[in-house]
Amino acid sequence: MYDRLQMVEDRYESLNELLSDPAVTSDTNKLRDYSKEQSSIAETVRVYRRYKEVQEQLAGAKEMFNEKLDDEMREMVKMEVAELVEENSELEQSLKILLLPKDPNDDKNVIIEIRGAAGGDEAALFAGDLFNMYARYVESKGWKIEVLDSNETGVGGYKEVSAMITGQGAYSRLKYENGAHRVQRVPETESGGRIHTSTATVAVMPEAEEVDIEIADNDVRVDIYHASGAGGQHVNKTASAVRLTHLPTGIAVAMQDERSQLKNREKAFKVLRARVYDKISSEIQSEIDQNRKSAIGTGDRSERIRTYNFPQNRVTDHRIGLTIQKLDQILTGKIDEFIDALIMEDQTSKLESLTN
């Protein structure tokens, strides 16, 4: 492990030199790539350097025990050694986690798709609740969210809504939201006070650039048609809606939110690239996960991952058995407690699989 850490630190120093080289600073692509690489290992280098400092301090403190010390000084050194040993253990654990294979998509932006599933109007209302929850979470992180397409219901909520979330590390945290979410509550139209159960599905996909996946023009069928639904005078008068179909996979994306056909086409291609990339990545990941006991964050989207119980103000994540009695706060975007616990579970699982 320490040989690997030293190699990472050496590479960090090499990148420092490269980033001050005029040949690199004048090349936009190289400057971007080297800066991104350095940023990705900066935390590992910081922790490793602190680890080496603690090792030196420990060695110095232990040497002092061989000197003639009065009782008070010996007790002080003993306390210092205990603190350093504890910090040393924490740093070792942090370094093991930092050296785990990193998900190459973690730093990407996110395309999120939320659909009302079982439960009719209640499912659509719940899909709206989930979208608002994520929108507030995005705001709390200082990220940005842009609706790409939406299909609202007459009673409020969404049959489906898709959005682009832009922000550093967005995918690394939101990927754990992938799956079926279940709600238990009494609908406003329910006179008998009976609890209904509805579901909505959440798909979280990393934004795919053209360098990530190449989609040939002849693999995509483009259909142009008149927009429908609410939207003003351009609806049904301007052929601005776009449907893209990726022929090899059968994945189709329709976009009609913009008045401009060009803008709808651009948005549709973003979603199409993400869906195709996600499908290919998921197939590869499923093969890897067959050899792992846990696949937190990469499970089947039909799997029920979380239940939101309104009468008891309770939310339960079924993957890790975590229940939090703060549903009202969670719906305002305070979901870090779940995400942090899921990340910890995922890291623990990966560490165990490396050890075994």
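Residues numbered from 1 in each chain as written. Predicted model: local features only at pLDDT ≥ 70, side-chain atom pairs only at ≥ 80, totals over all residues. Heavy atoms only, no water.

**Student:** Before we go on, may I ask you to explain the overall build of the protein in this structure?
**Tutor:** Along the backbone of the protein there are nine helices and 11 strands. A burial count over the protein gives 39% of its 356 residues as buried. Across the protein, contacts joining residues at least 24 apart in sequence account for 60% of those joining residues at least 6 apart. Carbon together with sulfur atoms contributes 47% to the accessible area of the protein, which is approximately 20000 Å² in total. (Helix = DSSP H or I, 4+ residues; strand = E, 2+ residues; numbered from the N terminus. Buried < 20%, exposed > 50% of the residue type's maximum accessible area, 1.4 Å probe, protein only. Contact = heavy atoms within 4.5 Å. Areas by Shrake-Rupley, 256 points an atom, 1.4 Å probe, with all protein chains shown as cover.)

**Student:** Would you explain the sheet that holds strand E3 (residues 158-166) in this entry?
**Tutor:** Backbone-to-backbone hydrogen bonds join strands into a sheet, with any given pair of strands oriented parallel or antiparallel. Pairing is mixed across the open sheet formed by eight strands, whose spatial order is E2-E3-E1-E5-E4-E9-E10-E11. Edge positions in the open sheet fall to strand E2 (144-152) and strand E11 (322-324), since each of these has one partner strand only. Each strand axis lies, on average, 15° off the axis of its neighbour in the sheet, ignoring direction. Here helix H5 (residues 121-140) sits on the sheet and contacts strand E1 (110-116), E2, E3, strand E4 (179-185), strand E5 (196-206) and strand E9 (304-309); the angle it forms with E5, its principal contact strand, is near 45°. (Pairing = 2+ DSSP bridges. Axes fitted to C-alpha atoms, helices over the stretch in contact; angles between N-to-C directions.)

**Student:** Looking at this structure, I do not really get the side chain of Thr 316. What am I missing?
**Tutor:** Position of Thr 316 relative to the elements: it lies in strand E10 (residues 314-317). Only 2.9 Å separates the side chain of Thr 316 from the side chain of Thr 323, close enough to count as a polar contact. Those residues within four positions of Thr 316 in sequence are excluded, and the remaining contacts are Ile 305, Arg 306, Thr 307, Leu 322 and Thr 323. (Polar contact = N/O pair within 3.5 Å; in protein donor to acceptor, adjacent residues only side chain to side chain.)

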